[in-house]
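# Remarks on the overall topology
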Amino acid sequence: MDFGVIIKAVISLALISGALSVIISISESVLNNYGTCELDINNGSKVLSVKGGSSLLSSLANERIFIPSACGGKATCGLCKVAVLEGAGPLLLTEEPYITQEERAQHMRLSCQVKVKTNMKLLIPDELFNIKEYICELVGMDDMTYDIKRLRMKLPLGEEIHFKAGQFMQFYTKPYGKVKEEVFRAYSISSKASEHDHLELLIRLVPEGICTTYVHTALKVGDKVRLSGPYGDFYLRGEGCDELIMIAGGSGLAPIRSLVYDVIEKGLPHKMRFFFGANTLRDLYYMDEFAQIEKDYPQFTFIPCLARPEPEDNWQGQTGFVTVALEEQVDNAEKKEAYLCGSPGMLNACITILKNKGFTDDTIFFDKF
Amino acid sequence: MKENPKDALLRIDMEAGRLIKEGFLGEDERPISDIISADLDTLTELEVSHVELARAMRRLTRRGMEGMGEVVDAGDYLVKSEEYMGWLGCPFKDNRRAAKRNTQAVDKQTGREMRWSDLSIHLIEQHAFFQGKGSAFRLEPAELASFLRLPAPEGAAE
């Protein structure tokens, strides 16, 4: 075949595909052009003008209103519920499993699924307006154990964060490897609530974990890190109670560390007993720091528990699962509150023991993420 | 066969890096409904259901959980379940979340080993989805049934 004919055919095909792409993009912009839509929040207390066409979740995020979500808008967590009084249209099939009958009556919707196509009226709890986005610099990354890293991040100059000890942040990854888009996960803050210009997180490597693998293999000191927060209702109550029973395993130590410092720095009178469960000596960390706190503040008792210490560990402390120590050392629930952070199995086992001792849902606190 | 629009959306969420790092489909390019049908055909031939398989897996996982990270002797198997903070949402968007827990089971007689996650159990039980070929957590239905000694021989105690 003549070479010229082949070139002409290739050019013609390229022109046709180019023309088709232009037609498709023009028709998309016409068909999906919802113009500017007004979002009326809390009966006119805030009115936003946004470009229609995006999800309510991302439209609000663009306006610096961050609705808690754990799956990044993929309709698998059901956390991003917002009351939409007008403008959302009928409930979508993807929302149905997540919205109870009671919530339907309150006009609750999954903000990741509802598209902004017209003016809307929304109700958003006031506390969510305290949630901000921070582009921090990673200034330190230390190995606390073989699978837990401590990330220390500096907030941009002039910015401050105010959080309650025990709360968590959403940490956003950048695309890496097969991960082609940003994902985010929730991590408790381990630093002191009195520190407003830095944040620390403890991140344990989860095999095949989408976010923890990023932290452990791709992130470097000096990188910019995007965070949003603070989120969550895991924080100190303490009213009418004398003693705080704190229980953690692995990276669940993070919010407990923040809580311990909060009690001490505020000069609160509560006694604190911190049961920290681990398998072997190599899973323990912050040992010197907690031992020092114990020495300096008699109100604090640290009880590390090793489930199966190795002979070479020469372990002299509490042996067995953290549940054993809890069973043996906590007599009753009188004037006590319990704060837990760890894996679901550990949480369930500890909650069962605590309830047998008289603790109730009102005196047991833990994060559900 | 052409993928229906619902499956096409599901496929996007099942790709690597969306909900989990390696995704649910591996190298499998078949429509999701075809993957499920083919595996169900295998189970029909074996005369065992996906629900029975999932229940047997869950029983072993629960035994493994008793060890809190330590190997547990569970009769015909040695089982170890390891868990992490957090949970994974189901890609079928049914408002079910699975703990981030992996179970490793070894058949004491044969030395054969299989592993699964809590999400795998849910996907098999509720959606008959054993994941795509080449996926890190794909479980071949025939291999799984044989590993779990299902269907149980007639007259065998449950």
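Residues numbered from 1 in each chain as written. Chains lettered and ligands numbered in written order. Predicted model: local features only at pLDDT ≥ 70, side-chain atom pairs only at ≥ 80, totals over all residues.

To continue, consider the overall build of chain B. When helices and strands are tallied, chain B shows 5 helices and 4 strands. The secondary structure elements of chain B, listed N-terminal to C-terminal, are α-α-α-β-β-β-β-α-α. Relative to the compact-globule value of 15 Å for 158 residues, chain B shows a C-alpha radius of gyration of 16 Å, a close match. The buried share of chain B, reckoned over its 158 residues, is 42%. Counted over contacts in chain B with a minimum sequence separation of 6, partners at least 24 positions apart contribute 54%. (Helix = DSSP H or I, 4+ residues; strand = E, 2+ residues; numbered from the N terminus. Rg over C-alpha atoms; globule rule 2.2 N^0.38 Å. Buried ≥ 20, exposed ≤ 12 C-beta atoms within 10 Å, placed from the backbone. Contact = placed C-beta atoms within 7 Å.)

Turning our attention to the packing of helix α7 (residues 322–329) of chain A against helix α8 (residues 344–356) of chain A. Residue and element names in this part refer to chain A. As a packed pair, α7 and α8 sit with axes 10 Å apart at the nearest point and diverge in direction by 15°. For the element pair α7 / α8, the angle class is roughly parallel. Every pair of crossing elements has a handedness; the one defined by α7 and α8 is right-handed. Of the residues in α8, those in contact with V322, T323, L326 and E327 of α7 are M346, A349, C350 and I353. Of the residues that constitute the contact of α7 with α8, the class distribution is 6 nonpolar, 1 polar and 1 charged. (Axes fitted to C-alpha atoms, helices over the stretch in contact; angles between N-to-C directions. Parallel < 35°, antiparallel > 145°, perpendicular 65-115°, else oblique. Left-handed = near helix turned anticlockwise from the far one by under 90°. Nonpolar A, V, L, I, M, F, W, Y, C, P; charged D, E, K, R; others polar.)

Further remarks concern the domain arrangement of chain A. All names here are of chain A. Each assigned domain of chain A is listed here: domain 1 (36–128), domain 2 (131–231) and domain 3 (243–366). The C-alpha-based centres of domain 2 and domain 3 are spaced at 24 Å. Taken together, the 17 residues of domain 2 in the interface contact 15 residues of domain 3. In terms of residues, the side of domain 2 that touches domain 3 owes the most to one element, strand β10 (residues 198–204), which gives 4 residues. Class assignment for the residues of the side of domain 2 that touches domain 3 results in 9 nonpolar, 6 polar and 2 charged. (Domains from an automatic or database assignment.)

Let us now look at the nonpolar core. Residues and elements named next belong to chain A. By size, the foremost hydrophobic cluster in this structure holds 105 residues, and its most contacted members are L201, M246 and I247. A total of 6 residues in this core trace back to one element, the largest contributor, which is helix α5 (residues 253–265). Ignoring sequence-local partners within four residues, the contact set of M246 consists of I256, L259, M272, R273, F274, F275 and Y339. By size, the runner-up hydrophobic cluster in this structure holds 19 residues, among which are L60, F66, I67 and V116. (Core = buried A, V, L, I, M, F, W, Y, C linked by C-beta atoms within 7 Å.)

Moving on, we come to α5 of chain A. Residues and elements named next belong to chain A. In this model α5 runs 18 Å from its N-terminal to its C-terminal C-alpha over 13 residues, within 8% of the 18 Å that 1.5 Å per residue would give. Looking at α5, one finds that the buried residues are L253, A254, P255, I256, R257, S258, L259, V260 and V263. Among the residues trailing α5, G267 stands out with phi positive, at a value near 65°. (Expected span 1.5 Å × (residues − 1).)

Here strand β1 (residues 36–41) of chain A pairs with strand β2 (residues 46–51) of chain A via 6 bridges, running antiparallel. By the bridge assignment, D40 of chain A is partnered in β2 of chain A with V47 of chain A. (Pairing = 2+ DSSP bridges.)

All names here are of chain B. Strands sit in the order β1-β2-β3-β4 across an open sheet of 4 strands; the sheet is antiparallel. Of all strands in the sheet, those bounded by a partner on one side alone are β1 (72–74) and β4 (113–117). Adjacent strand axes in the sheet meet at a mean angle of 30° when their direction is disregarded. Relative to strand β2 (residues 77–89), β1 runs antiparallel, the two sharing 3 bridges. Residue pairing across strands places V72 opposite V79, the latter belonging to β2.

This paragraph deals with unusual backbone geometry. Following G229 of chain A, the chain continues into P230 of chain A via a peptide bond in cis, with omega recorded as 0°. Secondary-structure assignment places P230 of chain A in strand β11 (residues 224–231). With an omega of -5°, the peptide bond between L150 of chain B and P151 of chain B qualifies as cis. Secondary-structure assignment places P151 of chain B in the segment after α5 (141–147). At A75 of chain A, a residue that is not glycine, the phi angle is positive and equals roughly 55°. Judged by local crowding, A75 of chain A falls into the buried class, with 23 C-beta atoms found within 10 Å.

Attention now moves to the sheet that holds strand β14 (residues 300–306) of chain A. Residue and element names in this part refer to chain A. If you trace the 6 strands from one edge of the open sheet to the other, you get β15-β14-β13-β12-β16-β17, paired in parallel fashion. A single partner strand is all that each edge strand has here, and the edge strands are β15 (318–319) and β17 (364–366). Sheet topology note: the strand β13 (residues 271–278)/β14 ladder contains 7 bridges and is parallel. The residue bridging R273 from the neighbouring strand is T301, located in β14. Against the sheet, α5 makes contact with β12 (243–249), β13, β14 and β16 (336–341), and its axis sits at roughly 160° relative to β13, the strand it touches most. Across the sheet, helix α6 (residues 287–296) is in contact with β13 and β14; its angle to β14 comes to roughly 145°.

Contacts between chain A and chain B engage 32 residues on the former and 26 residues on the latter. At the level of secondary structure, the elements contributing two or more residues to the side of chain A that touches chain B comprise α4 (210–217) and α8 of chain A. Of the residues in the side of chain A that touches chain B, the class split is 13 nonpolar, 12 polar and 7 charged.

Residues and elements named next belong to chain A. Of all the 7 residues making up β14, 5 are buried; the element is thus mostly covered by neighbouring parts of the structure. After leaving β13, the chain enters α6 and then returns to the sheet as β14, a path that is right-handed. Inspection of the sheet shows β14 paired to β15 by 2 bridges, in the parallel sense. Counterpart to C305 in the pairing with β15 is Q318. (Right-handed = clockwise from strand over helix to strand, strands pointing away.)

For the rest of this paragraph, the subject is the environment of S37 of chain B. Within the secondary structure, S37 of chain B is located in helix α2 (residues 32–46). When the C-alpha atoms of S37 of chain B and A128 of chain B are compared, they prove to be 8.6 Å apart, with 91 residues separating the residues in sequence.

For the rest of this paragraph, the subject is the packing of helix α3 (residues 50–66) of chain B against helix α4 (residues 118–127) of chain B. Residues and elements named next belong to chain B. In contact at an axis separation of 8 Å, α3 and α4 are set at 160° when each is read in the N-to-C sense. The orientation of α3 relative to α4 falls into the category roughly antiparallel. α4 is crossed by α3, and the crossing has left-handed handedness. Residues H50, V51, L53, A54, M57, R58 and T61 of α3 lie in contact with α4, whose contacting residues are D118, I121, I124 and E125.

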